[in-house]
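In case you want the letters, here they are:
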Amino acid sequence: MMSDIIKKFPTQFAFEPVVAGGKLKRFGRFILSGMGGSHLAADLLLLARPDLPLLVRSDYGLPSLPPKELKKSLLIASSYSGNTEEVIDALHQALKKKMPVVVIAVGGALIDIAKKKKLPYIQLPDTGIQPRSALGFSLRALLRAIGDEHGLKATKALAKTLKPLAFEAAGRALANRLKDHVPLIYASRQNFAIAYNWKIKFNENGKIPAFCNSFPEINHNEMTGFEIQPSSRHLSERFHCIFLRDATDNPRIKRRMDVLKKLYTDRGLPVEEITLSGKNIFAKIFSSLLLVDWAAVATAELYGLESEQVPMLEEFKKMIK
């Protein structure tokens, strides 16, 4: 059950990733190829380390960079299952271009290729959980791949300090407030990766539509869609906004949030404010994600839905073969 997975989530940070299959040199630049849950860890790492020279590629193939730049970069082929076709395609192209590579996966074709070609790889624990629920494993493996010993030490501490049950009541209460509404999750640009993860949790675990955006971009376009008038009011009645606030946000962003909250509430649009907090950046990130984990699971329960499996995704995969 998804609730059991949430309760056990902190144990993922005790995972000690090991590089097998070949030596992994140190690099100054990185390209991560990953789709869905397999690139979320990279997004969050860039939030924690915005200076990190890491490019996330969520598509077939490699980014359009000069050949010299590609060869100076380590391709991190990340796929939880090891069978994601976009990532396999990127790996094949990287090998053709003689790029340095490392594979991160539970198994599948990627691990087979790594073993056959004697490439360095990091094998994730095969616990049977969904990729989106394996963020701890994925982040630890990514930190090992880029050689970030400080990050490995900081995240390992989360195995003892994160307390999932401390967020259950608040998460379930949030789900009750969101009942019969579509969440719109907004955050500062620096925290957009958290907002995006919130969206993913409601989509995949809650089984409902959810959308996200960031400040200040929203103030230049999306908010004008909520200039609610009698003829269009029915289009906005099902939305419920969640503002993810952070003490470290730029004061001008905080002001924008305050003003937009007033504009939205004056027009009858519900606005929920949640403050991100934690002793360090990783605690802040994963405390927030535990809160939405519980909210998403409770959301599925409210609609009588199963939160872990993704039947439409499996149906889609069969149809594109």
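The shown structure was predicted, so the numbers you read here are calculated from the model rather than taken from an experiment.

*Asks:* Would you mind going over the overall build of the protein chain in detail, with residue names and values included?
*Replies:* Secondary structure assignment for the protein chain yields 14 helices and ten strands. Against the compact-globule benchmark of 20 Å for 321 residues, the protein chain has a radius of gyration of 20 Å, which places it among compact chains. The principal-axis extents of the C-alpha atoms in the protein chain amount to approximately 65 × 45 × 40 Å. The buried share among the 321 residues of the protein chain stands at 51%. Taking all contacts inside the protein chain whose residues are at least 6 apart in sequence as the whole, residues at least 24 apart take part in 76%.

*Asks:* Please provide a residue-by-residue account of the sheet that holds strand 8 (residues 211-215), values included.
*Replies:* What the four strands build is an open sheet, ordered 8-7-9-10; its pairing is parallel. Both outer strands of the open sheet, strand 8 and strand 10 (271-276), are each paired with one neighbouring strand and no more. For this sheet, the mean inter-axis angle between neighbouring strands, taken without regard to orientation, is 25 degrees.

*Asks:* Which residues make up the sheet that holds strand 2 (residues 29-33), and what values go with them?
*Replies:* Across the sheet, six strands lie side by side as 1-6-5-4-2-3; this open sheet has mixed pairing. Edge positions in the sheet fall to strand 1 (19-20) and strand 3 (54-57), since each has one partner strand and no second. Across four bridges, strand 2 lies against strand 3 in parallel orientation. Looking across to strand 3, one finds that isoleucine 31 is bridged to leucine 55. Set on the sheet, helix 2 (residues 37-48) makes contact with strand 2, strand 3 and strand 4 (73-78); between it and strand 3 the angle comes to about 150 degrees.

*Asks:* Hey, could you go over the layout of surface pockets for me, with residue numbers and the actual values?
*Replies:* Size it by volume and the largest pocket reaches roughly 1,200 Å³. As for the largest pocket, its lining consists of 34 residues, and the residues nearest its centre are Thr84, Val310, Leu313, Glu314 and Lys317. Listed by contribution, the elements that provide at least two residues to the lining of the largest pocket are helix 2, helix 4 (85-96), helix 10 (192-204) and helix 14 (311-320). Examining the composition of the lining of the largest pocket, we find that eight residues originate from one element, helix 14, more than from any other. Broken down by class, the residue content of the lining of the largest pocket amounts to 14 nonpolar, ten polar and ten charged.

*Asks:* Could you give an account of the pattern of salt bridges, with specific residues and numbers?
*Replies:* Tallied over the full model, the rule gives 18 salt bridges. Measuring nitrogen to oxygen at the nearest pair gives 3.2 Å for the salt bridge that ties lysine 179 to aspartate 180. Three or more residues joined by partner-sharing salt bridges are found here, namely Arg245, Asp258, Lys261 and Glu273.

*Asks:* Can you lay out the packing of aromatic side chains for me, pointing to particular residues and giving the numbers?
*Replies:* In this structure the tally under the stated criterion is eleven aromatic pairs. Relative to phenylalanine 243, the ring of tyrosine 186 has its centre 5.8 Å away and its plane inclined at 50 degrees; by these criteria the two rings are tilted. Note that tyrosine 186 is positioned in strand 7 (residues 182-188) and phenylalanine 243 in strand 9 (residues 239-246), a separation of 57 residues in sequence. In this structure phenylalanine 243 comes out as buried when scored by relative accessible area, which is 0%. Pairing phenylalanine 215 with phenylalanine 243 gives two aromatic rings, centres 5.6 Å apart and planes at 80 degrees, and the pair type is edge-to-face.

*Asks:* Let's hear about the pairing of strand 9: which residues, and what values?
*Replies:* Walk down a regular strand and you will see the side chains alternate between the two sheet faces. Burial analysis of strand 9 places seven of its eight residues in the buried class, which makes it a mostly covered element. As paired strands, strand 9 and strand 10 are joined by six bridges and run parallel to one another. In the sheet register, leucine 244 faces strand 10, and the bridge partner there is isoleucine 274. Viewed along the sheet, the connection from strand 9 through helix 12 (residues 251-266) into strand 10 turns out right-handed.

*Asks:* Explain the packing of helix 6 (residues 135-146) against helix 7 (residues 149-156) to me, and be specific about the residues and the numbers.
*Replies:* Running from N to C, helix 6 and helix 7 cross one another at 160 degrees; their axes reach a closest spacing of 8 Å. One finds that helix 6 runs roughly antiparallel with respect to helix 7. Remark: the crossing between helix 6 and helix 7 carries left-handed chirality. The segment helix 6 lies against helix 7, with Leu139, Arg140, Leu143 and Arg144 engaging Glu149, Gly151, Leu152, Lys153, Thr155 and Lys156.

*Asks:* Tell me what's going on with the packing of helix 2 against helix 6, and back it up with residues and numbers.
*Replies:* Packing of helix 2 against helix 6 leaves a shortest axis separation of 8 Å and a crossing angle of 65 degrees. Considered as vectors, helix 2 and helix 6 are oriented roughly perpendicular to each other. For the crossing formed where helix 2 meets helix 6, the hand is right-handed. From helix 2, Leu40, Ala41, Ala42, Leu44 and Leu45 reach across to helix 6, where they touch Leu135, Ser138, Leu139, Leu142, Leu143 and Ile146. For the contact of helix 2 with helix 6, the residue count by class is ten nonpolar, one polar and no charged.

*Asks:* Which residues make up empty space enclosed by the protein, and what are the values?
*Replies:* For the coordinates displayed, the defined rule picks out two cavities of 30 Å³ or more. Taken as a whole, the largest cavity spans an internal volume of roughly 80 Å³. As for the largest cavity, its lining consists of Met2, Ile5, Ile6, Phe9, Arg132, Ser133, Leu135, Lys201, Leu289 and Asp293. Looking at the lining of the largest cavity, the elements that each hand over two or more residues are helix 1 (2-8) and helix 13 (281-302). Looking at which element gives the most residues to the lining of the largest cavity, the answer is helix 1, with three residues.

Definitions and cut-offs
Residues numbered from 1 in each chain as written. Predicted model: local features only at pLDDT ≥ 70, side-chain atom pairs only at ≥ 80, totals over all residues. Heavy atoms only, no water. Helix = DSSP H or I, 4+ residues; strand = E, 2+ residues; numbered from the N terminus. Rg over C-alpha atoms; globule rule 2.2 N^0.38 Å. Buried < 20%, exposed > 50% of the residue type's maximum accessible area, 1.4 Å probe, protein only. Contact = heavy atoms within 4.5 Å. Pairing = 2+ DSSP bridges. Axes fitted to C-alpha atoms, helices over the stretch in contact; angles between N-to-C directions. 1 Å grid on protein atoms, 1.4 Å probe; cavity = no way out; pocket = protein on both sides within 12 Å on 5 of 7 lines; lining within 4 Å. Points joined across faces, edges and corners; volume = space filled by probe spheres on them. Nonpolar A, V, L, I, M, F, W, Y, C, P; charged D, E, K, R; others polar. Salt bridge = Lys/Arg side-chain N within 4 Å of Asp/Glu carboxyl O. Phe/Tyr/Trp six-rings, centres within 6.5 Å; stacked < 30°, edge-to-face > 60°. Right-handed = clockwise from strand over helix to strand, strands pointing away. Parallel < 35°, antiparallel > 145°, perpendicular 65-115°, else oblique. Left-handed = near helix turned anticlockwise from the far one by under 90°.

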